[in-house]
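# Observations on the model geometry
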Amino acid sequence: MQFHEVRFPANLSFGSTGGPERRTEIVALANGFEERNTPWSQSRRRYDAGVGMRSLDDIEQLIGFFEARQGQMYGFRWKDWSDFKSCAPSQEVQFDDQVIGSGDGETQAFQLVKNYRSGSQSYGRVVTKPVIGSVRAGVDGVALSEGVHYEIDTARGLVMFAEAPATGAAVTAGFEFDVPVRFDTDRIQTSVASFQAGDIPSVPVVELRV
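Here the structure is a predicted model, which means the values were calculated and not measured. (Residues numbered from 1 in each chain as written. Predicted model: local features only at pLDDT ≥ 70, side-chain atom pairs only at ≥ 80, totals over all residues. Heavy atoms only, no water.)

## Examining the layout of surface pockets
In this structure, the largest pocket encloses a volume near 220 Å³. Along the wall of the largest pocket there are 17 residues; nearest its centre are Gln-42, Val-126, Thr-128, Glu-207 and Leu-208. For the lining of the largest pocket, the elements supplying multiple residues, two or more each, are β10 (121-126) and β16 (179-183). For the lining of the largest pocket, the leading source of residues is β10, giving three residues. Considered class by class, the residues forming the lining of the largest pocket number eight nonpolar, three polar and six charged. (1 Å grid on protein atoms, 1.4 Å probe; cavity = no way out; pocket = protein on both sides within 12 Å on 5 of 7 lines; lining within 4 Å. Points joined across faces, edges and corners; volume = space filled by probe spheres on them. Helix = DSSP H or I, 4+ residues; strand = E, 2+ residues; numbered from the N terminus. Nonpolar A, V, L, I, M, F, W, Y, C, P; charged D, E, K, R; others polar.)

## Re unusual backbone geometry
Residues apart from glycine generally show negative phi values, whereas peptide bonds are mostly found in trans. Notably, Gln-70 is not glycine yet its phi reads approximately 55 degrees, a positive angle. Inspection of the secondary structure assignment puts Gln-70 in the loop between α2 (56-68) and β6 (75-78). Overall, Gln-70 belongs to the partly exposed group, its relative accessible area being 49%. One non-glycine residue with positive phi stands out, namely Asp-140, at about 55 degrees. Tracing the backbone shows Asp-140 in the loop between β11 (136-139) and β12 (142-143). (Buried < 20%, exposed > 50% of the residue type's maximum accessible area, 1.4 Å probe, protein only.)

Here it is, written out as structure tokens:
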């Protein structure tokens, strides 16, 4: 995977627009009913980083980052300011924010997941890019210590326990996370005159499957 473990400058992503998208195939039947299907099990996010540009210094920083990634060639981390924690944005991360699995006495590695709920429905989003030093984990309601009881693979989003959780034990975690993305263009057009006049460049960014 051509990916650089570096975050797009957070001060530039703040104020950007974007969010999740789905792909739904809809077939209208002759009787007026519909059949709906989706080929995507996971949503995909898109953003526009251009909205966060506030000065010519920001543009210079953007171009430097763009050139280092060679346009669309290499992916990178992106902070989605509207959704970057396992808990509500106003709360502090806790070890029991999310249930990420159940012990079976053998499995030692568990994938980080953030669950979204509305009514009786829920959606589990796989988290592959946790922020270093932010992950808290626990087993069966007991908080554990990183470096002693578990290690974190921050490139894949795995919690790896020194000892496999007992059968039936709830495995929980709390974390901050980034979105793996790439630029969705190989060209950035800027103009000093137009920027000073309030013309903000479009810098599309799209989520990667990793």
